[in-house]
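# Observations on chain architecture
Now for the letters of each chain:
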Amino acid sequence: MKIIRYSHEKSPPKYGWIHEGKVGALSAAPFGPFHRLEPNLLLENVSLLPPVVPRKVIGVGRNYPQHAKEHNAEVPDTPIIFSKPATSVIGPGDDILIPPQSNQVEYEAELAVVISKRGRWIDILKVDDYILGYTIGNDVTARDLQRSDKQWTRAKGFDTFCPLGPWIETDLDASDILITCRVNDEIRQMGSTREMVFNIPQLVVYISSIMTLEPGDVIMSGTPAGVGKLEENDRIVISIEGIGELRNQVKLEERHI
């Protein structure tokens, strides 16, 4: 099932599902009991929002060997994790804003995991019970600030630096799916999740041994090689097999200081 968050005309945001090009509402958020209401709106007539409103977004660094190599970094022995603030999340069609503090903002196409229920010290045999589904993410990064700061909070944390969408796919085998990133119709990234250093179950187990995962939390699972700089007016399309496409465009943020 494809789960979305959407608005229609002036109605408040709500969760819904897609069936044959139409949207039906869900009776409640998809992290507990709910039922599907009749699809009565055309998908093209609703505005898609970020498919989830996470309390926290956990990123994973250097989880593809070739991406580590392109940065002259070693493949880690244990997952490298970091946080992106919830305020960095935007949805499909929203603008990625290049902040005035950076001269090198880059895209990072990623498979994003959406957590379904609260868990700590999750057993690897029960990981599927804690995953609602998967969506597409872009771990936008101010690479120059990442290098100068020697840590990643500022570089990963600007508003608009975490596009998610277009929906959550609940039925997906994430072990070997293709991730592709195009900028202005040019292929920049192409890789498979089978190349991950740490697979999805390992990441969920590891992260839950450190912090409690809560419904709606998002784990960004790392990016394949081929990351690169974004420029004003770029159009970026990230495709993940079995999910769909996340489309965003790039604008310059005005300086307010």
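For the structure, check the block above.
Along each chain, the written sequence defines residue order, and numbers are assigned to residues from 1. With the structure being a predicted model, the display of local features is reserved for residues of pLDDT at least 70 and the display and counting of side-chain atom pairs for 80 or more, all residues being used for whole-chain, interface and lining totals. Side-chain measures were taken over the full set of non-hydrogen atoms in the model, leaving aside hydrogen atoms and water.

## Here's the deal with the side chain of Glu 106
Short version of the rule: Under the DSSP-based scheme used, a helix requires at least four consecutive residues in state H or I and a strand at least two consecutive residues in state E, with every element numbered from the N terminus. Each residue is placed in one exposure class: buried if its accessible area under a 1.4 Å probe, protein chains only, is under 20% of its type's maximum, exposed if it is over 50%, and partly exposed if it falls in between. Any pair of N or O atoms that falls within 3.5 Å is considered a polar contact. Within protein, one atom must be able to donate a hydrogen and the other to accept it, and sequence-neighbouring residues count only if both atoms are side-chain atoms. Contacts are residue-level and defined by heavy atoms, with any inter-residue pair within 4.5 Å sufficient.
Tracing the backbone through its elements, the reader meets Glu 106 in strand S10 (residues 105-106). Accessibility expressed as a relative area gives 6% for Glu 106, which makes it buried. Among the polar contacts listed, one links the side chain of Glu 106 to the side chain of Gln 104, at a separation of 2.8 Å. A polar side-chain atom of Glu 106 sits 2.8 Å from a polar atom in the side chain of Arg 143. Other than its neighbours up to four places away in sequence, Glu 106 contacts His 71, Asp 139, Val 140, Thr 141, Arg 143, Val 227, Gly 228, Lys 229 and Leu 230.

## Observations concerning the nonpolar core
Note on soluble globular proteins: their nonpolar side chains tend to be buried together. Put simply, the test is: Residues enter a nonpolar core if they are buried and are Ala, Val, Leu, Ile, Met, Phe, Trp, Tyr or Cys, with the set joined through side-chain atoms within 4.5 Å.
Judged by nonpolar contacts, the single largest core of 53 residues is most densely connected at Leu 111, Tyr 134, Ile 200 and Ile 219. When sequence neighbours within four positions are dropped, the list of residues in contact with Tyr 134 reads Leu 111, Ala 112, Val 113, Trp 167, Ile 168, Glu 169, Leu 172, Ala 174, Ile 200 and Ile 243. If you look at the next biggest cluster of nonpolar residues, it comprises 15 residues, including Val 114, Leu 132, Leu 164 and Ile 168.

## What about the environment of Val 205?
Along the polypeptide, Val 205 turns up in helix H4 (residues 200-208). Distance in space between the C-alpha atoms of Val 205 and Ile 80 is 14 Å, their sequence separation being 125 residues.

Functional significance is not addressed by these values, which are geometric in nature.
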